[in-house]
Amino acid sequence: MITIYFFAGMKEAAGTPQMAWEIEDTTVKDIRKKVKETYPQLHQAESAMVAVNEEFAGEGDIVQTGDTVAFIPPVSGG
Amino acid sequence: MITIYFFAGMKEAAGTPQMAWEIEDTTVKDIRKKVKETYPQLHQAESAMVAVNEEFAGEGDIVQTGDTVAFIPPVSGG
Amino acid sequence: MEQRHNYYITEKPLDPSPLIQQVIRPEAGAVNTFIGTVRELTEGKRTVALTYEAYKPMAEKKLEQIVREIETENKDSRVAIAHRIGKLDISDIAVVIAVSSPHRDASYRGSRYAIERIKEIVPIWKKEHWEDGSEWIGDQLEQTAYSVDGPEEGRT
Amino acid sequence: MEQRHNYYITEKPLDPSPLIQQVIRPEAGAVNTFIGTVRELTEGKRTVALTYEAYKPMAEKKLEQIVREIETENKDSRVAIAHRIGKLDISDIAVVIAVSSPHRDASYRGSRYAIERIKEIVPIWKKEHWEDGSEWIGDQLEQTAYSVDGPEEGRT
């Protein structure tokens, strides 16, 4: 199982802070696709950065069961 | 009377924090000359800036009785 | 416990003093501190409060990375950074950065680098609350002081 | 009484907090603070203490002038500056500058301007005490970070 986190405006648009995907291994690209299918209203899933296990990841990066994935829309701290 | 202040290394070289000059009116240039005559060891009297009534002054500026004059060697605060 | 680190995310009010104390040391002659506070007016609109949200474990890792970047670039610099999350009122402190170094130039550079980098890579988001609504704010890197009517071409 | 001003010379230990508090306000989103501390090593020589002396009335006037210069250049900036005099030990705070402004760029610029200007026009002098002697220090404006082996010609 892979856990996927949403924050800020994405969390509000999804209506949930997280979703679980029952899959053994996949890629960042396919997670993005899965999220868009699950929450069609989540436009930011297209452009937001993705972090795997708390580190920014590329589209082709492998994601395995037990990993945590987070969608990181443009940050605005400071 | 004009009061003349010395600070830091100049105070130590003069052996006093101040001197008085019994004169009605003069110039910064002549005060510099008077100080050099009074304290020949005060080499910095040649190059230090001079303040009259707590404001930097030029060589030709008039100084009158009651004014306070200060020699300002290169500063090193901060 | 978290205050023992020199980088952390907290829900409590921030006090710059312990962060400044953390970087003061005999080798340093300069400490530059940047404090970000909640500003009431942004582009003429009155903010009544802000809410900051963080992906906390990653945000702390990224603060650690920024500290390491500065201390690697300037071996004699020491850095402490804290960012507050939750609901903040006007004038509340949102972020504190303290950078010490032997000479002042490196302390200013390190401090400036840290705040720009926070606005670039640390997963923290703010929601502005106005009297008539609220909104999550996206990327606000102040790339230039002339963003409204500056001379650059090709801005979007 | 003196702490009520936003510029002062004091013989007491300096605490940055009240100066930072003085410049925080709803219109400001950024506060840059510069803190100068007594450094133990200068060009390889070990300092054991410093003595600062000021021509106090003129020094306070010059601090006021610096505050006014910054607040004139940046109408929305607010500045507080304090300088300690007397005998200071290693790591003691000698000077605190706090500059607030709506955006961070002006706060960094104002703070940097203030410290450079202090080293230029404020009648304060420091005497370094080493284990084997002491000396009054002259102009130490760090015009460049490469003063030892930099590329400039004609340096003295």
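Bear in mind that the values here come from a model prediction, so they are computed numbers and not experimental data. (Residues numbered from 1 in each chain as written. Chains lettered and ligands numbered in written order. Predicted model: local features only at pLDDT ≥ 70, side-chain atom pairs only at ≥ 80, totals over all residues. Heavy atoms only, no water.)

**Focus: the packing of helix H2 (residues 56-73) of chain D against helix H3 (residues 104-121) of chain D**
All names here are of chain D. Following both chains from N to C, one finds H2 and H3 inclined at 150°, their axes separated by 10 Å at the closest point. If you check the angle between H2 and H3, you find them roughly antiparallel. You can see that H2 and H3 cross each other, and the crossing is right-handed. Contacts between H2 and H3 involve Lys-62, Leu-63, Gln-65, Ile-66, Glu-69 and Ile-70 from the former and Gly-110, Tyr-113, Ala-114, Arg-117, Ile-118 and Ile-121 from the latter. (Axes fitted to C-alpha atoms, helices over the stretch in contact; angles between N-to-C directions. Helix = DSSP H or I, 4+ residues; strand = E, 2+ residues; numbered from the N terminus. Parallel < 35°, antiparallel > 145°, perpendicular 65-115°, else oblique. Left-handed = near helix turned anticlockwise from the far one by under 90°. Contact = heavy atoms within 4.5 Å.)

**Topic: the interface of chain D and chain B**
By a frequent convention, interface size equals the accessible area lost on bringing the separate parts together. At the junction of the two partners, chain D supplies 27 residues and chain B supplies 20 residues. Summed over both sides, the interface between chain D and chain B buries roughly 1,900 Å², with carbon and sulfur atoms accounting for 57% of that surface. If you sort the residues of chain D by the area they bury against chain B, Tyr-55, Met-58 and Trp-125 of chain D come out on top, with a joint share of 33%. Where chain D packs against chain B, one counts four salt bridges. The closest approach of N and O atoms between Glu-54 of chain B and Lys-61 of chain D, which form a salt bridge, is 3.0 Å. At the surface where chain D touches chain B, the tally comes to 15 residue pairs in polar contact (both at pLDDT 80 or more). Elements that contribute at least two residues to the side of chain D that touches chain B include exactly strand E4 (45-54), H2, strand E7 (93-101), H3, strand E8 (124-130) and strand E9 (133-137) of chain D. (Buried area = accessible area lost by both parts, 1.4 Å probe. Salt bridge = Lys/Arg side-chain N within 4 Å of Asp/Glu carboxyl O. Polar contact = N/O pair within 3.5 Å; in protein donor to acceptor, adjacent residues only side chain to side chain.)

**What about the sheet that holds strand E2 (residues 18-21) of chain A?**
An order of E2-E1-E7-E4-E5 (chain A) is seen for the five strands of this open sheet, with the pairing classed as mixed. Of all strands in the sheet, those bounded by a partner on one side alone are E2 and strand E5 (55-57) of chain A. With strand direction ignored, the average angle separating the axes of adjacent strands in the sheet is 30°. Relative to strand E7 (residues 68-72) of chain A, strand E4 (residues 49-52) of chain A is paired through four bridges, and the arrangement is antiparallel. Looking across to E7 of chain A, one finds that Val-52 of chain A is bridged to Val-69 of chain A. Packing of helix H2 (residues 28-38) of chain A onto the sheet brings it into contact with strand E1 (2-5), E2, E4, E5 and E7 of chain A, and relative to E2 of chain A it is tilted by some 115°. Docked against the sheet, helix H2 (residues 56-73) of chain C engages E4, E5 and E7 of chain A, running at close to 95° with respect to E5 of chain A. (Pairing = 2+ DSSP bridges.)

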